[in-house]
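# Topology and contacts: notes
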Amino acid sequence: MTGKAITDPPGLLPDRHPTADFFVCDVFDAVPKDDMGTMEHPLFSLSTRPDRRILTYEHNGTEVQVTPSVKGRATIHDKDILIYCISQLMAALNAGRAVGRVLHLKAYDLLVATNRDTSGDSYARLREAFERLAGTRITTNLAAGDYETTSGFGLIESWEIVRRSRGGRMVSVVVTLSEWIYQAVLAKSVLTLNRDYFRLRKPIERRVYELARKHCGRQPEWRVGLPTLHKKAGSTAPLRVFRAAVRRMIEENGLPDYLLAEEEGDLIRITRRRADLRGAVQIPPLDPEVLDEARALAPGEDVYALEAQWRAWWADSGRKRLSNPGRAFHGWLKARR
């Protein structure tokens, strides 16, 4: 993974793809992981048709503009490729292996791991997904203290397909992740997904599951206004159509890990399935002053989403009893910088 000759024999062309730059995806059973940035913001299209509209999204001071290519904006199903790459990198990091943002992967393994069929058409659709991912451009502002940085990048930087000669199937794929995605992985700013996520057929189901996982996490529940959920999902359908889709999801009850329910006031309540926390250590609601200080520590970010992440991290860490939850929350915020 990291070896490179100190000197090269004379007469050779430069090694344009040194081994040190490559990470080979070889953990077939890697746990699905998704980065929290793309879970928080509606970067991916929920449409089944090419979406060439420019999306502008603003929430709590964070502005995101998504510009598609002529192929259309990357879709929520195209995101499977990113999830697979992130999962592979996280499995390697947890095993203490060296990683890089240039990944070698087998197309067959990617298709199987993301619950896709392996017919010839699937390989063709995979190429189309790479084109949309590379062509979709993100422009966003990131606030840090008194300064605000606006940057632009693609969801992936580049891709390359190796196939058998004379029109054979693709054998392997080389993907270069964007620096933004790669840094999120190195910072371990990721969350585990249920493997059944890849079995969700409807784009809106996948997006609502992402939001439930991001904001509810492993808390008992998360309440959100339907208009806010509509905005965060990135749905271009009218609110009444979105409301009807959510009601169908409630009726069908097929979302992994979470249950949806509609409440008065146009609210949606999302609760964890099989959440039996009776007798377990709980964190009481945080004081408003604690959240105000959290806003100063994380300007421009959604403190309620950060609180949900912290509570999920605390639950995954063994639910240790906290003498001062507010101080523990602030300590966690500072440690993630």
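First, a word on scope: everything that follows refers to the structure included in this document. (Residues numbered from 1 in each chain as written. Predicted model: local features only at pLDDT ≥ 70, side-chain atom pairs only at ≥ 80, totals over all residues. Heavy atoms only, no water.)

## Let's talk about the overall build of the protein
- On a plain count of helices and strands, the protein comes out with eleven helices and 13 strands.
- Counting over 337 residues, the protein shows a buried share of 46%.
- In the protein, of all internal contacts separated by at least 6 residues, the share reaching a separation of at least 24 is 65%. (Helix = DSSP H or I, 4+ residues; strand = E, 2+ residues; numbered from the N terminus. Buried < 20%, exposed > 50% of the residue type's maximum accessible area, 1.4 Å probe, protein only. Contact = heavy atoms within 4.5 Å.)

## Quick notes on the layout of surface pockets
- Considering only enclosed or pocket space, the second largest pocket measures out at about 590 Å³ in volume.
- If you go around the second largest pocket, you meet 31 residues; those closest to its centre are Thr 75, His 77, Asp 78, Arg 125 and Arg 132.
- Elements represented by at least two residues in the lining of the second largest pocket include exactly helix H4 (120-135) and helix H6 (203-216). (1 Å grid on protein atoms, 1.4 Å probe; cavity = no way out; pocket = protein on both sides within 12 Å on 5 of 7 lines; lining within 4 Å. Points joined across faces, edges and corners; volume = space filled by probe spheres on them.)

## Quick notes on the pattern of salt bridges
- According to the stated counting rule, one finds 24 salt bridges in the structure shown.
- Among the ionic pairs, Asp 80 bridges to Arg 206, the shortest N-O distance being 2.7 Å. One end of the pair, Asp 80, is in helix H2 (residues 79-94); the other, Arg 206, is in helix H6, and 126 residues separate them in sequence.
- The exposure class of Asp 80 is buried, given its relative accessible area of 2%. (Salt bridge = Lys/Arg side-chain N within 4 Å of Asp/Glu carboxyl O.)

## Topic: the sheet that holds strand S13 (residues 267-272)
- Within the open sheet, the three strands sit side by side as S11-S13-S12. Their pairing is antiparallel. The outermost strands of the open sheet, each flanked by one partner alone, are strand S11 (221-225) and strand S12 (258-263). Ignoring strand direction, the axes of neighbouring strands in this sheet form an average angle of 20°.
- Packing against the sheet, helix H8 (residues 239-252) makes contact with S12 and S13, and its axis sits at approximately 125° to S12. (Pairing = 2+ DSSP bridges. Axes fitted to C-alpha atoms, helices over the stretch in contact; angles between N-to-C directions.)

## Considering unusual backbone geometry
- Look at Asn 115: it is not a glycine, yet its phi comes out positive at around 65°.
- Examined against the element boundaries, Asn 115 turns out to sit in the loop between helix H3 (107-113) and H4.
- Although it is not a glycine, Asn 253 sits at a positive phi angle of roughly 55°.
- Tracing the backbone shows Asn 253 in the loop between H8 and S12.
- You can call Asn 253 partly exposed: its relative accessible area is 39%.

## Quick look at the side chain of Glu 307
- Inspection of the secondary structure puts Glu 307 in helix H10 (residues 303-316).
- With relative accessibility at 12%, the residue Glu 307 sits in the buried group.
- Every residue in contact with Glu 307, bar those within four places of it in the chain, is listed here: Leu 286, Leu 291 and Phe 329.

## Digging into the packing of aromatic side chains
- According to the stated counting rule, one finds seven aromatic pairs in the structure shown.
- A centroid spacing of 5.5 Å and a plane angle of 75° characterise the contact between Tyr 197 and Phe 198, whose relative ring orientation is edge-to-face. Like Phe 198, Tyr 197 is buried.
- Judged by its relative accessible area of 0%, Tyr 197 is buried.
- Taken together, the ring pairs connect Tyr 197, Phe 198, Tyr 209 and Tyr 258 into an aromatic cluster.
- The ring of Tyr 197 has Arg 206 lying over it, and the distance from NZ or CZ to the ring centre is 4.9 Å.
- In this structure, Lys 231 is placed above the aromatic ring of Tyr 57, and the distance from its NZ or CZ to the ring centre is 5.8 Å. (Phe/Tyr/Trp six-rings, centres within 6.5 Å; stacked < 30°, edge-to-face > 60°. Lys NZ or Arg CZ within 6 Å of the ring centre and 35° of its normal.)

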